[in-house]
Amino acid sequence: GAGVSQSPRYKVAKRGQDVALRCDPISGHVSLFWYQQALGQGPEFLTYFQNEAQLDKSGLPSDRFFAERPEGSVSTLKIQRTQQEDSAVYLCASSLLPGGPSTDTQYFGPGTRLTVL
Amino acid sequence: SQQGEEDPQALSIQEGENATMNCSYKTSINNLQWYRQNSGRGLVHLILIRSNEREKHSGRLRVTLDTSKKSSSLLITASRAADTASYFCATEGLNAGYSTLTFGKGTMLLVSP
């Protein structure tokens, strides 16, 4: 069956540009997570949605980062005025149940590799 | 910020050998999970061990957890070239009805034929 998909897979942006990264979770999954993974590091939590509600955005690095999931399915992570330190792989994960990893396995997408020049 | 620290950072072994990776963490946890990441399949969940468990097995994987030392180990027995990947431990805290994962920096495992 279809897993979590993300688009684009690769994005090159000039410093100062805005970018939008899309995540299509597995159909019917309630929970959706965004992570940022810098080169040589593990993923770091950015934000969590339960259906359309953004319950936690404590990991967003600055107010240039914004995420939404208006209909409780597809989610978009937007980064305004990109900077070089935003270069990373952005991972999306979904799980069937509310409550996160211990209640249900998180399924990760392939990620979007963002390079800011 | 990273919660876990994997050790070693990189490990190179021959097919058939066992691979052991360690993870240390800092705060109390509900459970600890191990993930594998390679370019072909992305980040994949391997195994979850709860804070009240000491050891868990899944196929060629064996995970231990010592909450008194805040450490875990992942053993892969009879390794195969296909096991080549980065391995991450991830700890789960609990916030008001939902939980999030905090990953370590990972161990890069290379299994040579």
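The structure contained in this document is the topic of the report that follows.

Calculation criteria
- Residues numbered from 1 in each chain as written.
- Chains lettered and ligands numbered in written order.
- Predicted model: local features only at pLDDT ≥ 70, side-chain atom pairs only at ≥ 80, totals over all residues.
- Heavy atoms only, no water.
- Helix = DSSP H or I, 4+ residues; strand = E, 2+ residues; numbered from the N terminus.
- Rg over C-alpha atoms; globule rule 2.2 N^0.38 Å.
- Contact = heavy atoms within 4.5 Å.
- Areas by Shrake-Rupley, 256 points an atom, 1.4 Å probe, with all protein chains shown as cover.
- Buried < 20%, exposed > 50% of the residue type's maximum accessible area, 1.4 Å probe, protein only.
- Salt bridge = Lys/Arg side-chain N within 4 Å of Asp/Glu carboxyl O.
- Phe/Tyr/Trp six-rings, centres within 6.5 Å; stacked < 30°, edge-to-face > 60°.

### Some details on the overall build of chain A
Reasoning step 1: Per the secondary structure count, chain A includes 0 helices and 11 strands.
Reasoning step 2: Reading the helices (α) and strands (β) of chain A from amino to carboxyl end gives β-β-β-β-β-β-β-β-β-β-β.
Reasoning step 3: At 13 Å, chain A has a C-alpha radius of gyration in line with the 13 Å of a compact globule built from 117 residues.
Reasoning step 4: If you line up chain A on its principal axes, its C-alpha atoms span 40 × 25 × 25 Å.
Reasoning step 5: In chain A, once contacts between residues fewer than 6 apart in sequence are set aside, the share between residues at least 24 apart is 56%.
Reasoning step 6: Working note: accessible area of chain A is about 5500 Å², and carbon and sulfur atoms make up 48% of it.

### Notes on the environment of B:S79
All names here are of chain B.
Reasoning step 1: Position of S79 among the secondary structure elements: in the loop between strand 8 (71-76) and strand 9 (85-92).
Reasoning step 2: Under the relative-accessibility criterion, S79 is labelled buried at 3%.
Reasoning step 3: Sequence-wise, S79 and A19 are 60 residues apart; in three dimensions their C-alpha atoms are separated by 7.0 Å.
Reasoning step 4: With sequence-adjacent residues up to four places away left out, S79 is seen in contact with I13, Q14, E15, G16, E17, R60 and V111.

### Thoughts on the pattern of salt bridges
Side chains that carry opposite charge are capable of pairing whenever their charged atoms lie near each other.
Reasoning step 1: Across all of its chains, the model carries 5 salt bridges over all chains by this definition.
Reasoning step 2: When the shortest N-O distance is used, the salt bridge between A:R64 and A:D86 registers 2.8 Å. Highlighted residues: A:R64 in the loop between strand 6 (53-56) and strand 7 (65-68) and A:D86 in the loop between strand 8 (75-79) and strand 9 (88-95), separated in sequence by 22 residues.
Reasoning step 3: Of the charged contacts in the structure, one is a salt bridge between B:R60 and B:D83, with a shortest N-O distance of 2.9 Å. Of the two residues, B:R60 sits in the loop between strand 6 (55-58) and strand 7 (61-66) while B:D83 sits in the loop between strand 8 and strand 9, which places them 23 residues apart along the sequence.
Reasoning step 4: By relative accessible area, which is 22% here, B:R60 ends up partly exposed.

### Quick word on the packing of aromatic side chains
Reasoning step 1: All chains considered together, the criterion is met by 10 aromatic pairs over all chains.
Reasoning step 2: Centre to centre, the rings of A:F33 and A:Y35 are 6.3 Å apart; their planes meet at 25°, and the pair counts as stacked.

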